[in-house]
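# What the coordinates show
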Amino acid sequence: MSSELKNLSTFEGTEIPNAAEWKFGIVTAEWNHDITSALHKGALDTLLKHGAKQENIISKWVPGSFELTLGAQYMAEMGSVDAIICIGVVIQGDTKHFDFICDAVAKGITNLNMKYNKPVIFGVLTPNTHEQAVDRAGGKHGNKGDEAAVTAIKMLGMKESFKKEKKKVGY
Ligand code: RBF
């Protein structure tokens, strides 16, 4: 897997903005709960580490990854959040449903990004084995939840930068 070459809890590139002013929703699938709860914790801790306030983070759980899209839509419409992090684990070796679920969630989440013009982050692991999932849920390859949280913060930082530039040039 390509993420073997990247630790999911170490970050390069642009600086990670402070998240104190933003409100976040985390929608997590209960399927493979041992792993998704570790990913959820990673995302939550990372948001807090970068300045988000506990009271500005809403967590909701859905039964499986297939339900992440609708869960995120409810979050967008009723949670008045700035960004949403979707967390799930679909293990290829365990299910013939793998392709259906992964395709549906990837397309569903992409559509929500466009529909709400807000970052809706694909924090879904799609490993071949349970062990590979554990490696990416706080194990030797870091935590995908950390990476998803940083992605949400960076996308909000990008959005904010356009607002600042707009003010500077006065249009
Ligand atoms: N949901 C996941 O988040 N990860 C899985 O690996 C996963 N595997 C599934 C395998 C089968 C055979 C079925 C029926 C469902 C699976 N689901 C999985 C649950 C799915 O996302 C959804 O919650 C259910 O299909 C709703 O009935």
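Structural data are supplied above this passage.
Here's a quick rundown of the structure. It should be emphasised that the depicted structure is a prediction, and the values quoted were computed from it without experimental measurement.

## Some words on the site of the ligand
Around the ligand, the structure places twelve residues, and the nearest of them are Trp31, Ser65, Phe66, Glu67 and Val89. One nitrogen or oxygen atom from the side chain of Trp31 is found 3.3 Å from a nitrogen atom belonging to the ligand. Contacts to the ligand include Gly64, whose backbone N or O atom sits 3.5 Å from an oxygen atom. Residues belonging to the shell around the ligand are distributed by class as follows: six nonpolar, five polar and one charged.

## As for helix 2 (residues 68–78)
For helix 2, the full list of buried residues reads Leu68, Thr69, Gly71, Ala72, Met75 and Ala76. Along the axis of helix 2, the buried residues cluster in a sector spanning 165 degrees; they form a single face. In this structure, the buried side of helix 2 is in contact with strand 1 (24–29), strand 2 (57–62), strand 3 (83–89), helix 3 (98–116) and strand 4 (120–125).

## Digging into helix 1 (residues 33–49)
Relative to the 24 Å expected for 17 residues at 1.5 Å per residue, helix 1 spans 24 Å between its end C-alpha atoms, a close match to the ideal helical length. Every buried residue belonging to helix 1 is among Ile35, Thr36, Leu39, His40, Gly42, Ala43, Leu44, Thr46 and Leu47, and all of these are buried. Just downstream of helix 1 lies Gly51, where phi reads positive at about 105 degrees.

## Focus: the nonpolar core
Grouped together as the largest cluster of nonpolar side chains are 25 residues, with contacts concentrated most on Phe24, Ile26, Ile35, Leu39, Leu47, Ile85 and Val89. Going through the elements one at a time, strand 1, helix 1, strand 3, strand 4 and helix 5 (144–169) are the ones with two or more residues in this core. Discounting chain neighbours no more than four positions away, the residues touching Val89 are Asn32, Ile35, Thr36, Leu39, Ser65, Leu125, Pro127 and Ala133. The next biggest cluster of nonpolar side chains, apart from the first, holds 20 residues, and it includes Val27, Ala29, Val90 and Phe98.

The rules we used
- Residues numbered from 1 in each chain as written.
- Predicted model: local features only at pLDDT ≥ 70, side-chain atom pairs only at ≥ 80, totals over all residues.
- Heavy atoms only, no water.
- Near = heavy atom within 4 Å.
- Polar contact = N/O pair within 3.5 Å; in protein donor to acceptor, adjacent residues only side chain to side chain.
- Nonpolar A, V, L, I, M, F, W, Y, C, P; charged D, E, K, R; others polar.
- Buried < 20%, exposed > 50% of the residue type's maximum accessible area, 1.4 Å probe, protein only.
- Helix = DSSP H or I, 4+ residues; strand = E, 2+ residues; numbered from the N terminus.
- Arc of directions from axis to C-beta.
- Contact = heavy atoms within 4.5 Å.
- Expected span 1.5 Å × (residues − 1).
- Core = buried A, V, L, I, M, F, W, Y, C linked by side-chain atoms within 4.5 Å.

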